[in-house]
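Fold and contact review
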Amino acid sequence: MMRQSKLIGTLAVLPSFIIVAGFMAFPIIFVLFISLTKTNGLTFEWLWFKNYLELFADPIVHEVFLNNFKFVISVPLVIFAALVSAVLLFEQFKGWKFFRVIFFLPSVLSVVVIGLIFKNAFGYYGSVNQFLGLFGNEPKQFFINSNYSIFIIILALVWSGFGYQSLLLLAGLTSINPAVFEAAAIDGAGWWRRLWSITLPNIRRVLGFVFIINFIYTFSSLFGFIFVITAGGPLYETTTIDYLVYLRAFSSSNLGSGAALAVVLYFFIGLLTLWQSRVFKLQMED
Amino acid sequence: MSDSSISSRLSPRARWPIFIGMCLVAATIIYPLFFVVATSLRSNVDYKRDPFGIPKEWTFDNYLKLWNEYGVGRAFMNSLFVSLTAVTLILVFATLAGYALAKLPVFGAKFFTTTFVSVMLIPGPVLIIPIYLVLARLGMVGDYSGLILVYVATGLPFAIFFSTLSFRAIPDELLEAARVDGAGFFRTYWSIVRPLGTSAIATLAVLQFLGTWNELIYSLILIQDSKMKLLTPTLASIGKRFLTDQPLTSAGLFITAMVPLLMLTFASKYIMRGLQVGLGR
């Protein structure tokens, strides 16, 4: 009886396992293999670490890595905006639930939609230029200058990201024992004092978590924004690593080089994750 | 809210500035979306004459043109088909696995759980090349089957994690009673786990649907045939082609955003709940 039900249980997990193993676990091993070869997808020529050596010597890769670090500016901005709105939402003033949903709204939209909203707004005929025109300014081509482009993408990241992050922080705030606040209020601690000595220290773990997921996000998930807003240009000035993986994979004859870049990204993010658990001593929920 | 907890918060008078500040922040989110909708309902000439003004006349031309001539209608249907199929498959596989891992003895349960949790940490861009090559080898590139399979595979780990967690709350006594009454695996799954897990399943359905509906990179690289293209790549190429026709692009934006916005309106409860659990993702 026991043995039979154990068999049924295993069979129920098996379809999922096969799909996940075939299309997530196996590809991770496969990408390691691809990265050590020169390939067009049909024939594989074993190269050992040549792709990696070429990558490390490639000035474009250096530039692109640096670009990613420019996007890291978005991390403190998103977190600051999220923190302010979480702390204020936590006051639970009238209608706070409504605001929570509004702030969250951009998070359900596709990056294509968000990207195009910003591309349109800052386009030559866009609303920003029209608005500046009201004060007699000539329309500007924002996207020919990579500094403007990066600024616009960061703005898009903050606009679309802070609502979700503030939900996470709000969940952290809600889990603080209210008695702590009451005790502090009775002791005469003012609102700012409570914010500084109780609220912030109590959510530092959630803050750390949010910090690291945002950091990882800027290294792994900007593809959609870049693809829609700048296509990586001018030249490689706004290209990020994940966008370069895509470029190398589908517009060059050697998939191995793109795969090597993907592997480097994988290890880099792996290190970040390790760092997360070290520095912030976070426990993932099991 | 009880009185005692209010005393530790701001006084009602101090709340007014906060309320107004929040209204301003909300406006920075609502206004761009409102602007998109308003722009989409006017002609390009009218828009260029006075972008911020009140349109002289309202028109649905942009929507009709996009839907009928630029393939957005077809892409919308394609996206709907792919998303619904992928979500259905994810729900079936994930609830079966989740039920088994939460309530039944499973050979190597720990191994399965570890696999599902560890693949959740894989960043997306790492997988595109190997998945593309695997699908090419299987002859599934350019075909919905390959795309759906990728969506199912990338959605499953979180879905299993989430349903395992939710199904643990089902009382063992109920399952035991069903077993004593002679109910088999599928009967218990269908008559006890499914109804008791409805809220978790609805949450999963909404989250996974949003994920597949909004997905860009796999729908871009796996589907080349213009008749089979999904909505997000179609919209992206329209955005690139019609740089100077903002009303037209705006209509496309609204068509794509409409579905997630409707879901947020009617299922915000599920979305919020799911994201709290999804914290570990």
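1. Description of the overall build of chain A
For chain A, the count of helices and strands is 14 helices and two strands. In terms of overall size, chain A is more extended than a compact globule, its C-alpha atoms giving a radius of gyration of 24 Å where 286 residues would be expected to give roughly 19 Å. Its C-alpha atoms give chain A principal-axis dimensions of about 80 × 75 × 30 Å. Relative to its full complement of 286 residues, chain A shows a buried share of 40%. Counting only contacts in chain A whose residues sit at least 6 apart along the sequence, the fraction spanning at least 24 positions is 71%.

2. Focus: the overall build of chain B
Along the backbone of chain B there are 14 helices and zero strands. In terms of overall size, chain B is more extended than a compact globule, its C-alpha atoms giving a radius of gyration of 24 Å where 281 residues would be expected to give roughly 19 Å. Each of the 281 residues in chain B was classed as buried or not, and the buried ones make up 42%. Taking contacts inside chain B between residues at least 6 apart in sequence as the whole, the part at least 24 apart equals 76%.

3. Here's the deal with the confidence of the model for chain B
Residues and elements named next belong to chain B. On average, residues of chain B score 87 in pLDDT, and 94% of them are at 70 or above. Here residues 1–7 is modelled with pLDDT under 50, and outside its nearest four sequence neighbours on either side it reaches six contacts, counting other chains as well. Reported for the predicted complex are a pTM of 0.89 and an ipTM of 0.88.

4. Considerations on the interface of chain A and chain B
Every contact between the two is made by 78 residues of chain A and, on the other side, 84 residues of chain B. Per element, the largest residue contribution to the side of chain A that touches chain B is 22 residues, and it comes from helix α1 (residues 2–35) of chain A. Here the side of chain A that touches chain B is composed, by residue class, of 55 nonpolar, 17 polar and six charged.

5. Side note on the packing of helix α13 (residues 241–251) of chain A against helix α7 (residues 124–137) of chain B
Two elements in contact, α13(A) and α7(B), have axes whose closest approach is 9 Å; the angle formed by their N-to-C orientations is 10°. In terms of orientation, α13(A) and α7(B) fall into the roughly parallel class. The segment α13(A) lies against α7(B), with D242(A), V245(A), Y246(A) and A249(A) engaging P125(B), I128(B) and I129(B). Here the residues of the contact of α13(A) with α7(B) are counted per class, giving six nonpolar, no polar and one charged.

6. With respect to unusual backbone geometry
All names here are of chain A. The residue A231 is not glycine, and still its phi comes out positive at about 55°. Tracing the chain through its elements places A231 in the loop between α12 (223–229) and α13. C-beta crowding within 10 Å serves as the criterion here: with 14 such atoms nearby, A231 is assigned to the partly exposed category. Positive phi outside glycine occurs at L235, with the angle close to 50°.

Scoring rules and cut-offs
- Residues numbered from 1 in each chain as written.
- Chains lettered and ligands numbered in written order.
- Predicted model: local features only at pLDDT ≥ 70, side-chain atom pairs only at ≥ 80, totals over all residues.
- Helix = DSSP H or I, 4+ residues; strand = E, 2+ residues; numbered from the N terminus.
- Rg over C-alpha atoms; globule rule 2.2 N^0.38 Å.
- Buried ≥ 20, exposed ≤ 12 C-beta atoms within 10 Å, placed from the backbone.
- Contact = placed C-beta atoms within 7 Å.
- pLDDT = per-residue confidence, 0-100.
- Nonpolar A, V, L, I, M, F, W, Y, C, P; charged D, E, K, R; others polar.
- Axes fitted to C-alpha atoms, helices over the stretch in contact; angles between N-to-C directions.
- Parallel < 35°, antiparallel > 145°, perpendicular 65-115°, else oblique.

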